[in-house]
Amino acid sequence: MSGENAVAAGETPDSGEPPFPLSAAWVRAEPDAQVIDCHWHGEAEFLLVLDGQTLFQIGPELFPVREGEAVFVHGGDIHAGYPLGTKGCRIFSVAFDMNLLGSPSPDRLQEEYVVPLLEGRRSLPSRYTKDEAWSRKVLEELHGLRRELEEQRKGYEFAVKSRLFRILAEIAAENRWTSRNPEPDAGDYDLQLLKRVLAHIEQNYSRRIYIRELAKMGHMADAQFCRFFKRWVRRTPTEYINSYRVKKAAELLRQSDRKLSDIAREVGFDHPSYFIRRFRAELRCTPAVYRRRHRRGLH
């Protein structure tokens, strides 16, 4: 991933104001660069490809998404974006708490449409292409939602929620809902194991992580675990861990003016020279250059 500009909509938790449970990000990836690392989160998410194309993974499924098309990720689903084509890509993503669609007053709208979404018994379609009229209307709303979040005029939250409800209206009109099992079944074992492994990496990336400790989580031999991990993530465990460390280092570079050697050690790189090499491989520039490009707000 060569660049990312994330904007959290609404007030921060420290402001004393209730937050608006939605965030947006604009992601740019160079050719052959990882677009979105394999991960999951509790929020639902739309990802709209603005330029280029991307190979998206949602759970065990892989499918190409072209410029102007989008995907939806149900909260809690493993997902990732991989390079496709030779031009790189640019993506707009919007993640939101499904409770944003809820209402304290029960009515037919809530009971028939919103509650099944909140309970995980139903979801939105995963793919949105230009091939069908209802899908094109959803894409138009996503572009409109992107503009609302870019401009953030006073009261933009009304417009954002309106766009989300219009998306639901288009899906409801064509009965394009997908059914889900809210409880994991035996076939989800690999996905649940992968989540545990990724969470372990997220919690321990700042220290040395051994393959054997990850393999033990799935009661596997080291080689068997590495095959399992690469089948799902399309990277070796070491490649993924280093990529995650680089992402955390990039956050620190944007937020502080601390020494590069200190940041390298904090995210788990013992040698600054190796840190710089991995950073350049992931983000196509050195840490120093990255910091100069993102120095806004540093003192």
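Residues numbered from 1 in each chain as written. Predicted model: local features only at pLDDT ≥ 70, side-chain atom pairs only at ≥ 80, totals over all residues. Heavy atoms only, no water.

Student: Help me understand the environment of Pro272 in this model?
Tutor: Assignment of secondary structure puts Pro272 in helix α9 (residues 272–283). Among the residues examined, Pro272 registers a relative accessible area of 37% and is labelled partly exposed. For the pair Pro272 and Leu47, spaced 225 residues apart in the sequence, the C-alpha separation amounts to 34 Å. (Helix = DSSP H or I, 4+ residues; strand = E, 2+ residues; numbered from the N terminus. Buried < 20%, exposed > 50% of the residue type's maximum accessible area, 1.4 Å probe, protein only.)

Student: How should I be thinking about the side chain of Gln34 in this particular structure?
Tutor: Inspection of the secondary structure puts Gln34 in the loop between β2 (22–29) and β3 (36–39). At 2.9 Å, the side chain of Gln34 forms a polar contact with the backbone oxygen of Ile36. Only 3.5 Å separates the side chain of Gln34 from the backbone oxygen of Gly81, close enough to count as a polar contact. (Polar contact = N/O pair within 3.5 Å; in protein donor to acceptor, adjacent residues only side chain to side chain.)

Student: What exactly am I supposed to notice about helix α6 (residues 222–233) here?
Tutor: Because each turn of an α-helix spans 3.6 residues, side chains separated by three or four positions in sequence point in the same direction. Along its 12 residues, α6 runs 16 Å from first to last C-alpha, staying within 8% of the 16 Å computed at 1.5 Å per residue. Phe225, Phe228, Phe229, Trp232 and Val233 are the residues of α6 that are buried. Axial view of α6: buried residues confined to an arc of 105°, hence all on one face. Structural note: α6 exposes Arg227 and Arg231 on the side pointing more than 90 degrees away from its buried face. On its buried face, α6 sits against β3, β4 (44–58), β7 (79–96), α4 (189–204), α5 (211–217) and α7 (237–255). At the C-terminal side of α6, Arg234 shows a positive phi close to 65°. (Expected span 1.5 Å × (residues − 1). Arc of directions from axis to C-beta. Contact = heavy atoms within 4.5 Å.)

Student: Just checking my understanding: could you explain the packing of α7 against α9 for this structure?
Tutor: Packed helices, taken two at a time, are described by the angle between their axes plus the distance between the axes. Their axes nearest at 10 Å, the elements α7 and α9 cross at an angle of 90°. With respect to α9, the element α7 is oriented roughly perpendicular. Mapping the contact onto sequence places Asn242, Ser243, Val246, Ala249, Ala250 and Leu253 in α7 and Tyr274, Phe275, Arg278, Phe279, Glu282 and Leu283 in α9. Its residues assigned to classes, the contact of α7 with α9 shows 8 nonpolar, 2 polar and 2 charged. (Axes fitted to C-alpha atoms, helices over the stretch in contact; angles between N-to-C directions. Parallel < 35°, antiparallel > 145°, perpendicular 65-115°, else oblique. Nonpolar A, V, L, I, M, F, W, Y, C, P; charged D, E, K, R; others polar.)

Student: Sorry if this is basic, but what is going on with the packing of helix α2 (residues 133–151) against helix α3 (residues 156–173) here?
Tutor: Contact pair α2 / α3: the axes reach a minimum separation of 9 Å and the direction vectors enclose 170°. Classified by the angle their axes make, α2 and α3 are roughly antiparallel. Contacts between α2 and α3 involve Trp134, Lys137, Val138, Glu140, Glu141, Leu142, Gly144, Leu145, Arg147, Glu148 and Leu149 on the former and, on the latter, Tyr156, Ala159, Val160, Arg163, Leu164, Arg166, Ile167, Glu170 and Ile171.

Student: Mind showing me how you'd approach α2 here?
Tutor: With 19 residues, α2 ought to run about 27 Å at 1.5 Å a step, and its terminal C-alpha atoms sit 27 Å apart, in line with that. Where α2 is concerned, the buried positions are Trp134, Ser135, Val138, Leu139, Glu141, Leu142, Gly144, Leu145, Arg146, Glu148 and Leu149. Downstream of α2 by a residue or two, Gln152 has a phi angle that is positive, lying close to 45°.

Student: Quick question: what am I supposed to make of the packing of aromatic side chains here?
Tutor: Any pair of aromatic rings gets described here by the distance separating the centres and the angle formed by the planes. If you walk through the whole model with that rule in mind, you get 15 aromatic pairs. A ring pair is formed by Phe46 and Phe96, whose centres lie 6.2 Å apart and whose planes are at 20°; its orientation type is stacked. Linking Phe46 in strand β4 with Phe96 in strand β7, this pair joins segments that are 50 residues apart in sequence. Neither residue differs from the other here; Phe46 and Phe96 are each classed as buried. Between the aromatic rings of Tyr205 and Tyr244, the centroid separation amounts to 5.4 Å while the plane-to-plane angle is 65°, which identifies the pairing as edge-to-face. Remark: Tyr244 occurs in helix α7 and Tyr205 occurs in the loop between α4 and α5; sequence separation between them is 39 residues. We note that Tyr205, like Tyr244, is buried. One residue, Arg212, lies across the ring of Tyr210, its end atom 4.6 Å from the ring centre. Sitting over the ring of Tyr82, Arg234 keeps its end group 4.8 Å from the ring centre. (Phe/Tyr/Trp six-rings, centres within 6.5 Å; stacked < 30°, edge-to-face > 60°. Lys NZ or Arg CZ within 6 Å of the ring centre and 35° of its normal.)

Student: So what exactly am I meant to see when it comes to the nonpolar core here?
Tutor: In a soluble, globular protein the nonpolar side chains are often hidden away together inside. If you look at the biggest cluster of nonpolar residues, it comprises 38 residues, and the most contacted ones within it are Leu194, Phe229 and Phe279. Taken together, the elements giving at least two residues each to this core come down to β7, α4, α5, α6, α7, α8 (260–266) and α9. The element contributing the most residues to this core is α7, with 8 residues. The next biggest cluster of nonpolar side chains, apart from the first, holds 33 residues, and it includes Phe96, Leu117, Val160 and Ile167. (Core = buried A, V, L, I, M, F, W, Y, C linked by side-chain atoms within 4.5 Å.)

Student: Help me understand the pairing of β4, please; the structure alone is not making it clear to me.
Tutor: Side-chain direction in a regular strand flips from residue to residue, so the side chains alternate between the two faces of the sheet. The element β4 is largely enclosed, with a buried count of 12 among its 15 residues. With 14 bridges joining them, β4 and β7 adopt antiparallel strand pairing. Among the inter-strand pairings, Phe46 is bridged to a residue of β7, identified as Val94. The pairing of β4 with strand β6 (residues 70–73) spans 4 bridges and is classified as antiparallel. When the sheet's bridge partners are listed, Leu48 is paired in β6 with Ala70. As paired strands, β4 and strand β5 (residues 61–65) are joined by 5 bridges and run antiparallel to one another. In the sheet register, Gln57 faces β5, and the bridge partner there is Leu62. In textbook terms, the turn of a hairpin is the stretch between consecutive antiparallel strands, and for β4 and β5 this stretch comprises 2 residues, one of which, Gly59, has a positive phi near 60°. (Pairing = 2+ DSSP bridges.)

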